[in-house]
Amino acid sequence: MLFYRQMAFLVILLTLLVACAKQNNEYNKPASFWYQSILKEIKFGNLEAADNYYSSLQSEHINSPLLPEAMLILGQAHMGQEEYILAEFYFDEYLKRYGTIQNADYIAFLKLQAHYYGFKNQSKDQEFVSDTIQSLDDFINKYPNSRYLPFVEYMQVKFILGQNELNKAIANVYKKQHKKEALSKYLDRIDEELENETHPKPSHIPWYVVIFNW
């Protein structure tokens, strides 16, 4: 029994030594090694490791043509795992470093998508909603002929309706407090024309949120 324990200990020790040696040797690799490592980790859902491999790719091969592609892949991977802030980081970096007339609208669209999918539980964040609506307006004005325009206009409608719902909720608070001036102020902010055209259904709010809510 002692012999088997000693053998098991040796196997574990050798495994750890090999892993450490492998980790220590993972530098000064070709760009394709880091790129393939990023793809492998994304495939297994390990985005933290993929981000680390991206850092190595960027630090060792700053001019590699694989770098911009890795940025987009990682941005979309983080968006797929609902990590929208990290997704937007990669899209921002790409736009700053590799943005061109040909691809600028696509990257801007991806950033807006990250905002749109990150809209969950944001119904009370006035700044988030208003900033995103402004970004949507900027896209529409800047890229009126973009192939992504219909999708952006759809997102714009959804955000304005969300803003309407937020203004209604705030107005309801002031109504209960009998603050007529504040009530009127927030009711005036509601886009009644869009409400009449779309007939939106109120967002579902779980009962446990309502208890601790307005």
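Residues numbered from 1 in each chain as written. Predicted model: local features only at pLDDT ≥ 70, side-chain atom pairs only at ≥ 80, totals over all residues. Heavy atoms only, no water.

J.: How should I be thinking about the overall build of the protein chain in this particular structure?
T.: Counting its secondary structure elements, the protein chain contains 11 helices and zero strands. Taken over 214 residues, the protein chain has a buried fraction of 35%. Taking as baseline every contact in the protein chain between residues at least 6 positions apart, the subset at least 24 positions apart corresponds to 57%. Accessible area for the protein chain stands at about 14,500 Å²; split by element, carbon and sulfur atoms hold 57% of it. (Helix = DSSP H or I, 4+ residues; strand = E, 2+ residues; numbered from the N terminus. Buried < 20%, exposed > 50% of the residue type's maximum accessible area, 1.4 Å probe, protein only. Contact = heavy atoms within 4.5 Å. Areas by Shrake-Rupley, 256 points an atom, 1.4 Å probe, with all protein chains shown as cover.)

J.: Please clarify how the packing of helix 4 (residues 66–80) against helix 6 (residues 104–117) should be interpreted in this entry.
T.: Pairs of packed helices are described in terms of their axes, by the angle between the two and the distance that separates them. Two elements in contact, helix 4 and helix 6, have axes whose closest approach is 11 Å; the angle formed by their N-to-C orientations is 20 degrees. Taken together, the axes of helix 4 and helix 6 are roughly parallel relative to one another. Considering how the two elements wind past one another, helix 4 and helix 6 form a crossing that is left-handed. Residues Leu72, Gln76 and Met79 of helix 4 pack against Tyr106, Ile107, Leu110, Gln113, Ala114 and Tyr117 of helix 6. Grouping the amino acids of the contact of helix 4 with helix 6 by side-chain chemistry returns seven nonpolar, two polar and no charged. (Axes fitted to C-alpha atoms, helices over the stretch in contact; angles between N-to-C directions. Parallel < 35°, antiparallel > 145°, perpendicular 65-115°, else oblique. Left-handed = near helix turned anticlockwise from the far one by under 90°. Nonpolar A, V, L, I, M, F, W, Y, C, P; charged D, E, K, R; others polar.)

J.: In this structure, what is going on with helix 5 (residues 84–98)? I would like to understand it.
T.: Residues that lie three or four places apart on an α-helix share one face, since the helix turns once every 3.6 residues. End to end, helix 5 covers 20 Å across 15 residues, agreeing with the expected 21 Å (1.5 Å per residue, within 8%). Regarding helix 5, the residues found buried are Tyr84, Ala87, Tyr90, Phe91, Glu93 and Tyr94. Among the structural elements, helix 3 (47–60), helix 4 and helix 6 are those in contact with the buried residues of helix 5. (Expected span 1.5 Å × (residues − 1).)

J.: Help me understand the confidence of the model for the protein chain, please; the structure alone is not making it clear to me.
T.: Looking at the protein chain, the pLDDT average stands at 81 and 79% of residues meet or exceed 70. The least confident element of the protein chain is helix 11 (residues 207–211), whose mean pLDDT is 38; the most confident is helix 2 (residues 31–43), at 96. (pLDDT = per-residue confidence, 0-100.)

J.: Quick question: what am I supposed to make of the pattern of salt bridges here?
T.: Here the idea is simple: oppositely charged side chains can pair when their charged atoms come close. What the rule picks out here adds up to two salt bridges. The partner of Asp92 in a salt bridge is Lys111, and the shortest N-O contact between them spans 2.7 Å. Placement of the pair is Asp92 in helix 5 and Lys111 in helix 6, with a sequence separation of 19 residues. A residue is classified by how much of its surface remains accessible, and Asp92, at 23% relative accessible area, is partly exposed. Residue Lys96 is joined to Glu93 by a salt bridge in which the shortest nitrogen-to-oxygen separation is 3.9 Å. Highlighted residues: Lys96 and Glu93, both in helix 5, separated by three residues, approximately one helical turn. What makes Lys96 exposed here is its relative accessible area of 65%. (Salt bridge = Lys/Arg side-chain N within 4 Å of Asp/Glu carboxyl O.)

J.: I tried to follow the packing of aromatic side chains on my own but got confused; where do I start?
T.: The geometry of an aromatic ring pair is captured by two quantities: the separation of the ring centres and the angle between the planes. Enumeration over the complete set of coordinates arrives at 14 aromatic pairs. Relative to Tyr90, the ring of Tyr54 lies with its centre 5.2 Å away and its plane at 85 degrees, an arrangement referred to as edge-to-face. You can see Tyr54 sitting in helix 3 and its partner Tyr90 sitting in helix 5, a full 36 residues away along the chain. Overall, Tyr54 belongs to the buried group, its relative accessible area being 4%. For Tyr90, a relative accessible area of 3% translates into the label buried. An aromatic cluster is defined as three or more aromatic residues linked by ring pairs; in this entry it consists of Tyr116, Tyr117, Phe128, Tyr154 and Phe159. Of note, Lys29 hangs over the ring of Phe33, and the distance from its end group to the ring centre comes to 5.1 Å. The ring of Tyr186 has Arg189 sitting right over it, with the charged end atom 4.5 Å from the ring centre. (Phe/Tyr/Trp six-rings, centres within 6.5 Å; stacked < 30°, edge-to-face > 60°. Lys NZ or Arg CZ within 6 Å of the ring centre and 35° of its normal.)

J.: How should I be thinking about the side chain of His78 in this particular structure?
T.: With respect to the element layout, His78 can be found in helix 4. On the accessibility criterion, His78 (1% relative accessible area) is buried. Ignoring anything within four residues of it in the chain, the contact list for His78 reads Leu47, Asp51, Glu83, Leu86, Ala87 and Tyr90.

J.: What is the right way to read the nonpolar core from this model?
T.: The tendency in soluble globular proteins is for nonpolar side chains to be buried as a group. Counting 22 residues, the largest nonpolar core has Ile38, Tyr54, Leu57 and Phe91 as the members making the most contacts within it. Elements with a minimum of two residues in this core: helix 2, helix 3, helix 4, helix 5 and helix 6. (Core = buried A, V, L, I, M, F, W, Y, C linked by side-chain atoms within 4.5 Å.)

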